[in-house]
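The primary structure of each chain is shown beneath.
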Amino acid sequence: MTHECPARFVLEEVHGIDSIQFQLVTNHLDTKGIKAVQHQNIVFHTLLKQIPWSVVDRLVEEHGADGDPRGLKTKPHLIAMLHAQFCGLQSLRQIETNLQSHASKLYHLGGCTISKSTLATANRERPVEVFAGLLSALMAQLQAGYRRKIGDCIRLIDSTSLRLNRLSGNWAQFSAGVCGAKAHIVYDPDADQPLYLIVTAANVNDITAAKAMPIEAMATYVFDLGYYDYGWWAKLHAAGCRIVTRLKANTPFAIVEDRPIVPGSSILSDRTGHLPKRLAASRRNPMSGLVREVRVVIETGKVLRIFTNDLTASAQEIADLYKRRWAIELFFRWVKQTLKINHFVGTSENAVRIQIAVALIAFLLLRLAHEAYKNMLQSPLAFARIIQATLMERRSIAELLRTPSRPTREPRQALFEFEASATRAARHRRASRACAAIEKAA
C-alpha cells in the first residue's frame, strides 16, 4: 500500500504564500510614488554656515587672494585648514589623506581634495589679511550678543609663546637653535572670547605689541608685568580706562594716605600715593598723578603689589579684578589642548600666521555653535569633543547632544519557530522530515 507524500502539497501551498508575500514586498519597495529620504547635512556643514561668506568674498577681492586662476581658491583653502583644526591633523600629508577619504562630502561644503604641495603653496603665498579680516568679523559677531549684558567691559591682555621649527629661523630666531612666535591677545572674560590678535616673533617684547593695539575708551584693562610702561599706562589713563596691574618689587611709591582695611582678609594694605616723578635725570614720568597700591597675599604666601588708577573701588574689588587675569591663561591652555597651534604645518611667517588665525576662527565657530545649544550641554570642552568626534557624520548637532532614550523593558530573546514566518529552507526541511516519517510507517 502506497501513500502519496503530503509534503508536496505543503510545499506548493507554502510556495504560493511566499509568492504572494514576495510580490507584496516588491510593491512596497518600489520607489514609484514614495517620497525620497531627506538629505542630512554633515556636522561640519552646520559649523561652516556661521561664516559670513560675503565678508570672505569682499576680503578676497580687496586683497587679490584668488588672482591665480590655476591656484587653490580661498574657500576650499579655509575649509581644509578648519578641517585640520577640528580633526587634530598635524601634517600636510595627513590633511591630504583625510580630505581624500571624505571626498564625496566635500562638494556640498564648497571644498575639494587638495594635494600637500598645493596646500603648502597656498599657506605660503595667500595674504594672511583675508583670514585676519574673517577673524575680526567673527569676533564682532560673537561680541554683539554681549553688548547689552556687560556694563563694565573688562579686557585682559597677555601673550602665549609658540615653539617653531628651526626652518623658521629666518624670521623667528629667538636664541641659538631656538625659534618661536608669540600670539598677543586681548580677551573678554565675560564673553569668553578673544577680541584682538597680533602675532610676532618670540623676541618682540609684550609692551611693543600692546602699543600697536587699539585702546577701548572707558574699559578696564588688566595685565601683568610684561606690560610695564608708564607712557602706555598714561595713554590708557587719558582714554578714561581703569588700569589694574602689578608693581615691581623695587618700584618706589610715595604714600599719601593709608586707607583702612578689613581685618583678617587677604588685603595687607590699601594706600594712595605717587609713582616716581622722574624716570631718569631728563625724563618726567607721565604717570605721576595720584594713584593707588593694594598689597595682597595669595594662597602660596606671596605678596603682590597691585597697582590701579581707580581711587574709589574697594580694595577687594581691585584684588578680584587682578585675579580674573587667570581667565586668559585658561583660554590659552584650552586652545593649545583642543586645537592645533603647538604643531605647525608650515615654516614661513605667512603660514604660521594663517594657522594661528584659523585656530581662533575654529574656536569662535565652536563658541557660536555652543551658544545655540548651551541649554543642552553646558561644558564648552565637552561640546568641542563631540563636534570633533562626529565632524563628518550626517547628523544634526541637536541629535548629537540629545540623551538616547532607554527601553522600558528588556527585549525578549528571539525564538526559533518553524511557522509561516520561518524561512523557506526551514519549512522545506520540516516537510521532508514529515514525508520520511510517513514513508517509514508505511
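Note that the structure is predicted; figures quoted are calculated from it, not measured. (Residues numbered from 1 in each chain as written. Predicted model: local features only at pLDDT ≥ 70, side-chain atom pairs only at ≥ 80, totals over all residues. Heavy atoms only, no water.)

Caption draft 1: Examining the pairing of strand E1 (residues 154–164) more closely. Taken across its 11 residues, E1 has 9 buried, putting it largely inside the fold. Judged from the 3 bridges that link them, E1 and strand E5 (residues 220–222) form a sheet pairing that is parallel. Across the sheet, Leu 156 pairs through a bridge with Val 222, a residue of E5. Two strands pair when backbone bridges link them, and E1 and strand E3 (residues 178–188) are joined in this way by 9 bridges, in the antiparallel orientation. Bridging across to E3, Ser 159 finds its partner in His 184. (Buried < 20%, exposed > 50% of the residue type's maximum accessible area, 1.4 Å probe, protein only. Helix = DSSP H or I, 4+ residues; strand = E, 2+ residues; numbered from the N terminus. Pairing = 2+ DSSP bridges.)

Caption draft 2: Geometry of the pairing of E3. Along E3, 10 of the 11 residues are buried, which leaves the element largely enclosed by surrounding structure. Here strand E2 (residues 173–175) pairs with E3 via 2 bridges, running antiparallel. Within the sheet, the bridge partner assigned to Ser 175 lies in E3 and is Val 178. Where E2 folds back onto E3 in an antiparallel hairpin, the turn is made up of 2 residues, including Gly 177, whose phi is positive at roughly 80°. Here 8 bridges tie E3 to strand E4 (residues 193–201), and the two strands are oriented antiparallel to one another. The residue of E4 that forms the bridge with Ile 185 is Leu 197. Linking two consecutive strands that pair antiparallel, namely E3 and E4, is a turn of 4 residues; a positive phi of about 55° is found at Asp 192 within it.

Caption draft 3: Up close: helix H15 (residues 380–389). Taken residue by residue, H15 has Phe 383, Ala 384 and Ile 387 as its buried positions. Across the axial projection of H15, the buried residues extend over an arc of 100°, all falling on one side. In H15, the exposed positions that point more than 90 degrees away from the buried face belong to Arg 385 and Ala 389. Packed against the buried residues of H15 are helix H2 (43–48), helix H13 (326–338), helix H14 (349–372) and helix H16 (397–401). (Arc of directions from axis to C-beta. Contact = heavy atoms within 4.5 Å.)

Caption draft 4: Focus on the packing of aromatic side chains. Counted under the stated rule, the structure contains 13 aromatic pairs. Measuring from centroid to centroid gives 5.3 Å for Tyr 230 and Trp 233, while their planes differ by 65°, and the two rings are edge-to-face. You can see Tyr 230 and its partner Trp 233 sitting in helix H11 (residues 230–238), 3 residues apart, about one turn around the helix. Owing to a relative accessible area of 11%, Tyr 230 belongs among the buried residues under this scheme. Residue Trp 233 is classed as buried on the basis of its relative accessible area, which comes to 0%. Ring geometry for Phe 331 against Phe 332: centres 5.8 Å apart, planes inclined by 50°, an arrangement best described as tilted. The same class applies to Phe 331 and to Phe 332, which are both buried. Each member of the aromatic cluster is reached from another via a ring pair, and the members are Phe 223, Tyr 227, Tyr 228, Tyr 230, Trp 232, Trp 233 and Phe 307. (Phe/Tyr/Trp six-rings, centres within 6.5 Å; stacked < 30°, edge-to-face > 60°.)

Caption draft 5: Focus on the packing of helix H3 (residues 53–63) against helix H8 (residues 129–144). Between H3 and H8, whose axes approach to 9 Å, the crossing angle comes to 150°. In this view, H3 runs roughly antiparallel relative to H8, as classed from their interaxial angle. Relative to H8, the crossing made by H3 is right-handed. On H8, the residues that touch Val 55, Val 56, Leu 59, Val 60 and His 63 of H3 are Glu 129, Val 130, Gly 133, Leu 134 and Ala 137. Classifying every residue of the contact of H3 with H8 by side-chain character gives 7 nonpolar, 2 polar and 1 charged. (Axes fitted to C-alpha atoms, helices over the stretch in contact; angles between N-to-C directions. Parallel < 35°, antiparallel > 145°, perpendicular 65-115°, else oblique. Left-handed = near helix turned anticlockwise from the far one by under 90°. Nonpolar A, V, L, I, M, F, W, Y, C, P; charged D, E, K, R; others polar.)

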